[in-house]
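Each chain is listed here by its residues.
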Amino acid sequence: MKDYVCGIDIGTSMLKVTLVAGDGSRLGPFKREIETVYPQPSYAEQDSTQWFELLKSALDEAFGTGAVDKHRIRAIMPDAATHTVVLLDKHFQPVRRAIMWNDQRSAALADACEISQEIFERTNHMPGAMWSLFQNLWVKTYEPEVWDRVCYMLFPKDYIRYQLTGVYCTDHIDAQGSQLYDVHLKKWSEPLCALLGFPIDKLPPLRHASDVVGGVTSKAARELGLLEGTPVLAGTTDTALEMIAAGAIRKGQGTIKLATSGRICVITDKAYPHKQLVNYSHVADSLYYPGTGTRSCTASLRWFKDHFAQQESSQAAGKNVYALLDEKAAKVPPGCEGLIFHPYLLGEFSPYSNQNLRASFIGASMNHTKAHFIRSVMEGAAYSLRDGMQLMHSLGIKSDAEHLLLIGGGAQSGLWGQIIADMFNTRMAVPEVSDSSFGGAMLAGTVCGMFTNLEEAVKICCKIARVIEPLPSNVEVYNKLFHVYTETVKALMPVYEELVQALRIS
């Protein structure tokens, strides 16, 4: 049998485990669906205790293939979406469900913050509902009996790693998503912890993402079928490792991610503090990946599928319903004959930072069919991403690579990939694998000596599945309609504000 390194990703909707060997071959990802609870509109929570059981199930499947033995796993690296926090009591047990990164309940608290500029200067990010500081402030304000029990806090990948090793810590990149971390001093911020009223010495110690922080405990080894003492790395955020999985490790490379939320990242040699950008450090020293994001990307298509495509779901009969939606949408011409969708189902981040924006279809006529609406949802996410890219270009953030790397679940759609290439008038390269669990395994491989460095890991492991060239005729259509898209957003902004106020009064 081969030696393997293991990456574990706790995603927004899936837990994934990927095993990678020194020759670049892989097993997995082995996937398990994570249940998200929506107690109220704009709320999103997960029961963190389910992650360990899902990990056990995924590892059981991996070992069940007979291709890997627990004695041949050389290192394990966890990752997860940032901003989500697991609040723990004095026994390191969760005190409530984890509030997710896309939860909007704390927006009013963030809007009312009186030290917004100070927070921005310390963290490179403006206050907002997706930052852990304000999620925690919401719990403290509206669930004081729960907050009184909080003694520690961890991010999802840290919590699963704590269950593996018993070690309490986090990494510097995930810490940047908390708004409790000073990006200039590279440590937890006393003033920001004071704003929350949480003792700084109770926050997890900071480690580098590639540090080995402990070994698998005897208890975790018995429960998961792992070898006791297997090295476990600190781990980091999913986006940082997705970039490695896609092969983006050099300045000027960029990724476009079609996932629950959409994300554009370009690797730079400095941060670009801006109120509508997300700035994080790259795993590679002295590099960053500033970017923009649209909150509801593949989430918009899933929303449409769940509520308006029951017929297609039944026709799929257990097969991939999204492939059927693709097939129908592909019959509609680019631009959907004037039907445009704004994907603001959860408000929007870049370039508007406005949680009061709402989704809308405009331009509908008697000529439009369900297929038009399906394609317009896909195009709407692409319009939104292009809107964010314009902001990045205005700040001088541009990729100089021969192509952008298209990643995420939506990248598996040939139609959506073509829409993105046409919308950006840029060649897109789709990696064979871009899951963060794959990138985590690659980074773990550099630590345990399976690969000499990241460059070698990328050379051995990363392969391009296909390249998508933009079609000039489609580019022309989208260039014309993009102006309509952005002008409509501006026109509807005051209407949405009035709508939100009316709903609050009622």
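The preceding data block contains the structure.
The sections below set out a description of the structure shown in this document. What you see is a predicted model; the values in this text were computed from it and never measured.

Parameters and conventions
For every chain, the first residue of its written sequence is number 1, and the numbers climb from 1 along that sequence. Residues qualify for local features only when their pLDDT is at least 70, as the model is predicted, and side-chain atom pairs are given and counted only at 80 or more; totals for whole chains, interfaces and linings, by contrast, use all residues. Computation of side-chain values covers all heavy atoms of the structure but excludes hydrogens and water. Any two cysteine sulfur atoms lying within 2.5 Å of each other are counted as a disulfide. Pairing of aromatic side chains requires ring centres within 6.5 Å, counting the rings of Phe and Tyr and the six-membered ring of Trp. Pairs whose planes differ by under 30 degrees are stacked, by over 60 edge-to-face, and all others tilted. Helical segments are the DSSP runs of H or I of at least four residues, strand segments are the runs of E of at least two, and each set is numbered from the N terminus. For each residue, the accessible area found with a 1.4 Å probe, counting protein chains only, is set against the maximum for its type, and the residue is called buried under 20%, exposed over 50%, and partly exposed in between. Two limits define a charge over a ring: the Lys NZ or Arg CZ must be within 6 Å of the ring centre, and within 35 degrees of the ring normal. One requirement defines pairing of two strands: DSSP has to find at least two bridges between them. Only the stretch in contact is used when a helix axis is fitted, and all axes are lines through C-alpha atoms; the angle between N-to-C directions ranges over 0 to 180 degrees.

### Digging into the state of the cysteines
- Following the criterion strictly, the structure yields 0 disulfides and no others.
- In this structure Cys448 is a free cysteine whose sulfur lies 11 Å from that of Cys461, the closest cysteine sulfur available.
- This cysteine, Cys462, is not joined by any disulfide, and Cys461 carries the nearest cysteine sulfur, 6.3 Å off.

### What about the packing of aromatic side chains?
- In this structure the tally under the stated criterion is 20 aromatic pairs.
- When the ring of Phe92 is compared with that of Tyr168, the centres are 5.4 Å apart and the planes differ by 70°; the resulting orientation is edge-to-face. Remark: Tyr168 occurs in the loop between helix 6 (156-165) and strand 9 (170-171) and Phe92 occurs in the loop between strand 6 (86-88) and strand 7 (98-99); sequence separation between them is 76 residues. Each member of the pair, Phe92 together with Tyr168, is buried.
- Taken together, a centroid distance of 5.3 Å and an interplanar angle of 45° make the contact between Phe304 and Phe308 tilted. You can see Phe304 and its partner Phe308 sitting in helix 11 (residues 298-308), 4 residues apart, about one turn around the helix.
- Its relative accessible area of 5% is what places Phe304 among the buried residues.
- The class of Phe308 is partly exposed, set by a relative accessible area of 40%.
- Within the aromatic cluster, the residues linked to one another by ring pairs are Trp303, Phe304, Phe308, Phe341, Phe361 and Phe373.
- For the cation-ring pair, Arg105 lies above Tyr43, with the distance from its terminal atom to the ring centre recorded as 3.9 Å.

### Some details on the sheet that holds strand 17 (residues 262-266)
- Across the sheet, 6 strands lie side by side as 18-17-16-21-22-23; this open sheet has mixed pairing. Strands at the two margins of the open sheet, each flanked by one partner only, are strand 18 (291-294) and strand 23 (464-468). Sheet twist, expressed as the mean angle between neighbouring strand axes with direction ignored, is 20°.
- Pairing of strand 17 with strand 18 involves 4 bridges; the strand directions are antiparallel. The residue bridging Gly262 from the neighbouring strand is Thr294, located in strand 18.

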